[in-house]
Amino acid sequence: MVKNNENHGQGKHAHEQHTSREQHSHQEHGGDGHNCHDHHENQDHGGHGDTSYDHHGHHDHGDMVNDFKKRFYTSLIVTIPILILSPMLQHFIGVDWRFEFDHYILFALSTFVFFYGGWPFITGGINELKDKNPGMMTLIGFAIVVAYGYSTLTVFGWEGNDFFWELATLIDIMLLGHWIEMRSIMGASNALEELVKLMPSEAHKLNENDEVEDVSVADLRNNNRILVKPGEKIPVDGTILDGKSAIDESMLTGESVPVEKQVGDEVIGGSVNKEGSLTVQVEKTGEDSYLSQVITLVKQAQESKSRTQDVTNRAAKWLFYLALGSGFLTLIIWLVLGYSFDIALERMVTVMVITCPHALGLAAPLVIAVSTSISAQSGLLIRNRVHFEGARNLNAVVFDKTGTLTKGEFGVTDVVSMEGKEKAEVLMWAASLEQNSEHPLAAGIVKEAKGENLTLKKITNFDSITGKGIEGTIDGKKVNVVSPGYVQNTLIKYDQEQFNEMSEKGKTVVFVLLNDTLIGMIALGDIVRETAQEAISALKASGIHSIMLTGDNKKVAQWVAKQLDIDEVYAEVLPNEKSDQVKKIKEKGWKVAMTGDGINDAPALATADLGIAIGAGTDVAMETADVVLVKSNPKDVVTLINLSKKTYRKMVQNLWWATGYNIFAIPLAAGVLAPIGVVLSPAVGAILMSISTVIVAINAKMLKA
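Residues numbered from 1 in each chain as written. Predicted model: local features only at pLDDT ≥ 70, side-chain atom pairs only at ≥ 80, totals over all residues. Heavy atoms only, no water.

Colleague: Before we move on, could you go through the side chain of Ser 375 and cite the residues and values that matter?
Modeller: For Ser 375, the location among the structural elements is in helix 12 (residues 358-377). A residue is classified by how much of its surface remains accessible, and Ser 375, at 2% relative accessible area, is buried. (Helix = DSSP H or I, 4+ residues; strand = E, 2+ residues; numbered from the N terminus. Buried < 20%, exposed > 50% of the residue type's maximum accessible area, 1.4 Å probe, protein only.)

Written as structure tokens, this is what we have:
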């Protein structure tokens with residue numbers, strides 16, 4: 001938002017014009033389409049075609065989660081008798097439960113698991129091959145096809161051991177991994193789509209004769225007119241045609257002060273009309289609405305490819321070629337060494353089955369899914385995963401002042417009494433006059449009076465003095481709360497030294513008159529966020545520099561910086577100069593994050609290594625930023641940095657677990673140590689494979705904020 005850089009104490013602001021921030025402008029986020037979120041080089045999970053397994057939209061994603069869940073549980077149940085009937089497993093645990101025709105039953109059950117549970121991987125692999133981009137789905141599909149084909153041959157006469165139980169457990173684990181991954185990402189969507197519940201289901205539509213007709217919000221179209229009554233939620237984004245009111249947008253933008261709106265101003269669907277009836281022209285419905293765009297940000301975060309994830313996807317592609325080559329090389333070597341074709345083929349199949357890199361393929365996506373869910377629940381919308389991952393290396397965080405380090409709401413900081421009056425009496429007269437107003441200044445004065453447990457008196461003959469303040473009659477006495485301009489114009493004497501001292505600290509000063517006699521001054525300031533103090537302290541403890549960059553005057557900036565213990569301050573910086581200042585900081589060799597909330601911060605957000613938008617109210621900031629802090633809490637910057645470090649640490653751990661298994665399993669399965677009598681049996685290989693995957697999945701789920 002554009003900040004008000006004038007000194008509040010210089011008499012330039014009428015009492016009715018003390019809003020320190022411009023109202024939000026909610027233009028469209030832009031028309032860039034988003035590609036389907038995908039974990040395997042743009043292939044769908046199941047290969048069922050674009051209509052059923054893409055990630056366009058919440059419901060498709062939900063169907064996908066439910067499908068993997070259903071396939072997993074069904075396949076798991078069928079796997080139990082497969083394990084019991086498996087000759088290899090019976091031999092492994094030292095029992096003999098064989099009976100006549102048991103291998104046919106085993107074949108039938110395994111065939112069901114292969115086609116039902118393995119179908120997403122088979123079709124996914126086919127799609128990858130069609131695109132000439134083999135990867136993880138191809139390798140998984142290839143492994144289960146080889147295992148099923150070879151095992152089927154052993155049932156109908158081929159000499160060798162079947163791989164049915166490895167086939168079934170491999171499919172089960174892969175379905176479980178994909179289900180966990182999808183459910184984690186679904187959690188991120190759910191966390192933000194709770195915002196949809198803010199929207200009312202009906203609206204008061206006005207027809208050509210201004211008659212009210214209650215209709216479904218879904219039936220509203222652009223340029224329709226609707227009536228919004230006091231206390232109601234605004235059903236859609238639009239522009240006020242008639243009326244004025246204070247709008248509570250706190251649930252949407254983090255702006256705690258109700259925003260004064262009048263004819264021509266924009267309103268957001270889901271915000272609350274506090275007072276006064278409004279006639280609103282519908283501007284945005286459906287996917288164009290503000291809430292829908294917030295949800296789109298979540299999807300965009302899911303679609304943003306992680307640098308580490310890209311590495312694992314490429315690794316899976318080359319591992320497919322490696323496994324394929326290793327398999328055939330194993331076959332050839334064992335044949336050359338004089339072993340029978342049956343034994344050589346079994347070695348080849350063992351290599352191809354147990355080197356399936358699903359642990360590697362899930363190592364990064366699972367961590368990303370969990371971190372996306374955690375970030376959304378914490379109010380962090382990650383739009384650029386690569387820059388988010390780089391947050392772990394930050395050296396400095398640059399903060400805008402108004403609305404970022406401060407609340408953007410007025411609170412009473414000083415009460416100066418005169419004419420023998422007590423401070424409490426001055427505050428009581430002012431608050432009694434202000435109690436019927438929703439103005440931010442009025443709200444700050446009334447809140448202070450209530451906090452002091454003062455009893456407010458009844459007002460009569462309330463009136464406003466355009467550009468000067470307000471007046472009314474209380475207990476038969478004339479009471480005024482006016483601006484410095486009014487006092488100066490009427491030549492009322494006051495303590496200018498004390499007034500200037502408060503004004504220089506960026507405070508807004510109003511004067512309280514009783515029967516035209518000045519009885520006191522009340523100073524209000526933009527309250528520093530308590531969470532800002534905690535954030536600066538935490539950053540310092542982590543060795544990260546905190547810097548303030550603001551357009552406000554130096555005295556105001558220094559006053560805020562002193563309260564927050566910020567050492568480096570750049571004040572009176574014009575919007576177009578902010579990005580230049582960020583560049584100068586980067587020239588020190590530092591990794592820099594910029595935290596701001598408005599249009600004038602956008603260039604700096606784009607210039608920084610990590611752009612962080614406070615609140616979700618300005619479209620330009622949201623579009624430019626890499627991360628949006630929905631709760632407008634500066635302390636979330638610390639949460640963001642810590643989550644980046646933890647996410648990266650988990651990714652590295654998982655990659656080591658996954659690649660460590662493959663490095664160990666491939667040569668042993670191929671029979672490198674066969675000359676000394678060490679051969680990795682299919683059963684042991686399958687167990688190692690399963691353990692590797694489970695460890696990766698559990699390790700990812702252990703990621704905490």
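The discussion continues.
Colleague: If you had to explain the packing of helix 15 (residues 423-434) against helix 16 (residues 440-451) to someone new, which residues and values would you point to?
Modeller: Contact pair helix 15 / helix 16: the axes reach a minimum separation of 9 Å and the direction vectors enclose 130°. Overall, the two elements helix 15 and helix 16 adopt an arrangement that is oblique. Where helix 15 crosses over helix 16, the two elements pack in a sense that is left-handed. Residues Leu 427, Ala 430, Ala 431 and Glu 434 of helix 15 lie in contact with helix 16, whose contacting residues are Ala 442, Ile 445, Val 446, Glu 448 and Ala 449. Residues of the contact of helix 15 with helix 16, tallied by class, amount to seven nonpolar, no polar and two charged. (Axes fitted to C-alpha atoms, helices over the stretch in contact; angles between N-to-C directions. Parallel < 35°, antiparallel > 145°, perpendicular 65-115°, else oblique. Left-handed = near helix turned anticlockwise from the far one by under 90°. Contact = heavy atoms within 4.5 Å. Nonpolar A, V, L, I, M, F, W, Y, C, P; charged D, E, K, R; others polar.)

Colleague: Describe the packing of aromatic side chains, naming the residues involved and giving the relevant values.
Modeller: Overall, the coordinates contain 17 aromatic pairs when judged by the stated rule. Taking 5.5 Å as the distance between ring centres and 70° as the angle between the ring planes, the aromatic pair formed by Tyr 150 and Phe 163 counts as edge-to-face. Linking Tyr 150 in helix 6 (residues 136-155) with Phe 163 in the loop between helix 6 and helix 7 (164-193), this pair joins segments that are 13 residues apart in sequence. Residue class for Tyr 150 comes out buried when judged on its relative accessible area of 3%. Given a relative accessible area of 0%, Phe 163 falls into the buried group. Three or more aromatic residues link up through ring pairs in this structure, and these residues are Phe 101, Tyr 104, Phe 107, Phe 114, Phe 115, Tyr 148, Phe 156 and Phe 164. When the ring centre of Tyr 116 is taken as origin, the NZ or CZ atom of Arg 71, which lies over that ring, is 5.1 Å away. The aromatic ring of Tyr 648 is capped on one face by Arg 392, whose charged end is 3.5 Å from the ring centroid. (Phe/Tyr/Trp six-rings, centres within 6.5 Å; stacked < 30°, edge-to-face > 60°. Lys NZ or Arg CZ within 6 Å of the ring centre and 35° of its normal.)

Colleague: An account of unusual backbone geometry is requested, with residue identities and associated values reported.
Modeller: Here the phi dihedral of Asn 453 falls at roughly 60°; this positive angle occurs in a residue that is not glycine. Position of Asn 453 relative to the elements: it lies in the loop between helix 16 and strand 13 (459-465). Phi is positive for Asn 461, close to 55°, though the residue is something other than glycine. Secondary-structure assignment places Asn 461 in strand 13. Of the residues examined, Asn 461 reaches a relative accessible area of 61% and is grouped as exposed.

Colleague: Tell me about the UniProt feature "transmembrane region" (unreviewed entry) in the protein chain, and name the residues and values.
Modeller: As annotated by UniProt and renumbered to match this structure, "transmembrane region" (unreviewed entry) occupies residues 72-92, 104-122, 134-151, 163-180, 318-339, 359-382, 655-674 and 680-700. Here residues 655-674 runs as 80% helix and 0% strand, with 28 Å between its end C-alpha atoms. (UniProt positions renumbered as here; feature names shortened; annotations may be inferred.)

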